[in-house]
Amino acid sequence: MKLIGIEEHFLTTEVKDAWSAIGLEAADPSVAFHGGPLEKRLLNLAEERLSLMDESGLDVQVLSLTTPSLHDLGANSVDLARRANDAVAEAVARHPDRFQALATLPVAMPDEAALELERCVRTLGFKGTMLCGRVGHRNLDHTDLLPIFQIAAALKAPILLHPRAPDKVVRDAYYSGFSPQVDAAFSCFGLGWHYDAGIQFLRLVLAGHFDRFPDLQVILGHWGELVLFYAERIANMDRVSELTHSMATYFRRNLYVTASGIFMPHYLEQAARIVGRDRLLFSTDYPYQYRPGGDARRFLESCGLDEAERRAFAYGNWERLTENLSLGSNF
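Residues numbered from 1 in each chain as written. Predicted model: local features only at pLDDT ≥ 70, side-chain atom pairs only at ≥ 80, totals over all residues. Heavy atoms only, no water.

### With respect to the overall build of the protein chain
What counts is decided by this rule: Strands are runs of DSSP state E lasting at least 2 residues, helices are runs of H or I lasting at least 4, and numbering of each runs from the N terminus. Categorising residues by exposure relies on relative accessible area from a 1.4 Å probe, with only protein chains included: less than 20% of the type maximum marks a residue as buried, more than 50% marks it as exposed, and the intermediate range marks it as partly exposed. It only takes one pair of heavy atoms within 4.5 Å for two residues to be counted as in contact. For every accessible area listed, the method is Shrake-Rupley and the probe measures 1.4 Å; residues are considered covered only by the protein chains on display. When charges are counted, Lys and Arg contribute as positive and Asp and Glu as negative, whereas His and the chain ends are disregarded. Where a charge lies is defined by one atom per residue type: Lys uses NZ, Arg uses CZ, Asp uses CG and Glu uses CD.
When helices and strands are counted, the protein chain shows 18 helices and 8 strands. In terms of overall dimensions, the protein chain has a C-alpha envelope of 50 × 45 × 45 Å along the principal axes. When the 331 residues of the protein chain are sorted by exposure, 57% land in the buried category. Within the protein chain, counting contacts between residues at least 6 apart in sequence, those at least 24 apart form 79% of the total. Approximately 13500 Å² of the protein chain is accessible, and the part contributed by carbon and sulfur atoms is 53%. Taking the average place of the 33 positive charges on the side chains of the protein chain and the average place of its 43 negative ones, the gap between the two points comes to 3 Å.

Printed below as a string of structure tokens:
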């Protein structure tokens, strides 16, 4: 059974150098995580990556530039994005049966970002894009960023919402007071990343993006970035939201959910209950969640889904989501 991981990350030396040039590590502690063995695996788009894919049982990786991507790099991100996308397109061309890609966007420049997404989908054959939460001090629902969502909807290109570190004010208020190492972990992969990503999705809902763009499709990793575990409470906002539809409708119409290497059948079942089994996607969150022992394939085989549902989870839902890409843009 073909197995496609849709949240699998890479990095380029140029992007890492650009982070260093602006001292981004001081503002975003996750930058420091991209060193040592992780950096080596992120930079490799050749044999080592393919070998570890084979070991885990993954046939295809959908490649995306790791967090915090280009969100803090301003006007310089336009050329950086283009070069990063061209580089990953070359990797896909070398191994078209093993790699697909999500576009890296210069999100601080929304009009240019929209044009780059259109280029990536129409010319390079990419499958969508990944956004990493706030752009400077703007949340993703800010009106400045509407061109990105407009073109994504027009292209039928899904948007993976990836976590990034919360704003420093939030980190200081809620995730500090321990050692620097514990503070960084607590604010990022321990918990803060996931709250931040889930909140960004809810902000898009509450801002009316899915009323404005009813065909827009968003993907949350880590089984829904905590949001799905509070779906019943979130539904209470229907009383005050003044949206066209219920929160439950947006969950089932505009949201896909992926595993991100958290291979827990009871999490899968909760996600399926909220969004439906036809909206479950597979991912390993390479290289962050990589573990030896073939655990990706093993989870697929033991996750509790029947044969048809496993095929949908493994590859069918993703292929259906992306089969109508680039059928026309009015941007």
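### Points about unusual backbone geometry
In this model, Thr-67 is joined to Pro-68 through a cis peptide bond whose omega is 5 degrees. In this structure, Pro-68 sits in the loop between β2 (60-65) and α5 (77-94). Residue Pro-287 follows Tyr-286 across a cis peptide bond; omega there is 0 degrees. Looking at the secondary structure, you find Pro-287 in the loop between β8 (280-281) and α17 (295-302). One non-glycine residue, Glu-242, lies in positive phi territory at about 60 degrees.

### Examining the sheet that holds β2
Rules: A strand pair is defined by DSSP finding two or more bridges across the two strands. Axis geometry follows a simple rule: fit a line to the C-alpha atoms, using only the stretch in contact for helices, then measure angles between N-to-C directions, giving values from 0 to 180 degrees.
Pairing is parallel in the open sheet, where 3 strands are placed in the order β1-β2-β3. Bordering the open sheet on either side are β1 (4-10) and β3 (99-101), each of which pairs with just one other strand. Strand after strand, the sheet turns through a mean of 35 degrees between neighbouring axes, direction not considered. Sheet topology note: the β1/β2 ladder contains 5 bridges and is parallel. Note on β2: the bridge partner recorded for Ile-4 is Val-60. Most of the contacts of helix α18 (residues 307-322) go to β1, to which it runs at about 80 degrees, and overall it touches β1, β2 and β3.

### With respect to helix α15 (residues 247-254)
Definition in use: The arc in question is the one spanned by the directions pointing from the helix axis to the C-beta atoms.
Of all the positions in α15, only Met-247, Tyr-250, Phe-251 and Asn-254 are classed as buried. Taken around the axis of α15, the buried residues stretch over an arc of 110 degrees, which confines them to a single face.

### What to know about the sheet that holds β8
Across the sheet, which stays open at both edges, the 5 strands sit in the order β4-β5-β6-β7-β8 with parallel pairing between neighbours. Edge positions in the sheet fall to β4 (129-131) and β8, since each has one partner strand and no second. Sheet topology places strand β7 (residues 255-258) next to β8; 2 bridges connect them, and they run parallel. The residue bridging Thr-258 from the neighbouring strand is Leu-281, located in β8.

### A short note on helix α10 (residues 192-206)
Our working rule: Given the number of residues in a helix, its expected span is that number minus one, multiplied by 1.5 Å.
Compared with an ideal rise of 1.5 Å per residue, which puts 15 residues at 21 Å, α10 spans 21 Å between its outermost C-alpha atoms and is within 8% of the ideal. The element α10 is largely enclosed, with a buried count of 11 among its 15 residues. Residues of α10 that are buried include every one of Gly-192, Trp-193, His-194, Asp-196, Ala-197, Gly-198, Gln-200, Phe-201, Leu-202, Leu-204 and Val-205, and no others. Gly-208 sits one or two positions beyond α10 and adopts a positive phi of about 85 degrees.

### Some points on the packing of helix α9 (residues 180-190) against α10
Basically, it comes down to this: If an angle is under 35 degrees, it is roughly parallel; if it is over 145, roughly antiparallel; if it lies from 65 to 115, roughly perpendicular; otherwise it is oblique. Only Asp, Glu, Lys and Arg are considered charged in this grouping, and only Ala, Val, Leu, Ile, Met, Phe, Trp, Tyr, Cys and Pro are considered nonpolar; every other residue, Gly among them, is considered polar.
The interhelical angle for the contact between α9 and α10, taken along N-to-C directions, is 40 degrees, at an axis separation of 4 Å. On the basis of the axis angle, α9 is oblique to α10. Contacts from Phe-186, Ser-187, Cys-188, Phe-189 and Gly-190 of α9 reach α10 at Gly-192, Trp-193 and His-194. Tallied by class, residues from the contact of α9 with α10 come to 4 nonpolar, 4 polar and no charged.

### Overview of the packing of aromatic side chains
What counts is decided by this rule: Aromatic rings from Phe, Tyr and Trp, taking only the six-membered ring of Trp, are treated as a pair when their centres fall within 6.5 Å; an angle between ring planes under 30 degrees marks them as stacked, one over 60 as edge-to-face, and anything in between as tilted.
Using the criterion set out here, one finds 15 aromatic pairs in the structure. Taking 6.4 Å as the distance between ring centres and 35 degrees as the angle between the ring planes, the aromatic pair formed by Phe-210 and Tyr-250 counts as tilted. Highlighted residues: Phe-210 in helix α11 (residues 209-212) and Tyr-250 in helix α15, separated in sequence by 40 residues. Here Phe-210 and Tyr-250 have matching classes, each one buried. Taken together, Trp-223, Phe-263, Phe-282, Phe-299 and Phe-313 form an aromatic cluster joined through their ring pairs.

### Re the pairing of β7
Inclusion rule: The definition of a right-handed crossover adopted here requires that, viewed with the strands pointing away, the path from the first strand over the helix to the second runs clockwise.
Residues of β7 alternate between two faces, with Leu-255 and Val-257 on one and Tyr-256 and Thr-258 on the opposite face, all of them buried. The pairing of strand β6 (residues 218-220) with β7 spans 3 bridges and is classified as parallel. Within β7, the position partnered with Leu-220 by the bridge is Val-257. Following the backbone out of β7, through helix α16 (residues 265-275) and into the adjacent parallel β8, one traces a crossover that is right-handed.

### Things to note about the UniProt feature "domain: Amidohydrolase-related" (unreviewed entry) in the protein chain
Formally: UniProt positions are given in the numbering used here, feature names are shortened, and annotations may be inferred rather than shown by experiment.
Under the local residue numbering, the UniProt record ascribes the feature "domain: Amidohydrolase-related" (unreviewed entry) to residues 80-320. Each end of residues 80-320 is marked by a C-alpha atom, and these two atoms are 31 Å apart; helix forms 53% of the span and strand 7%.

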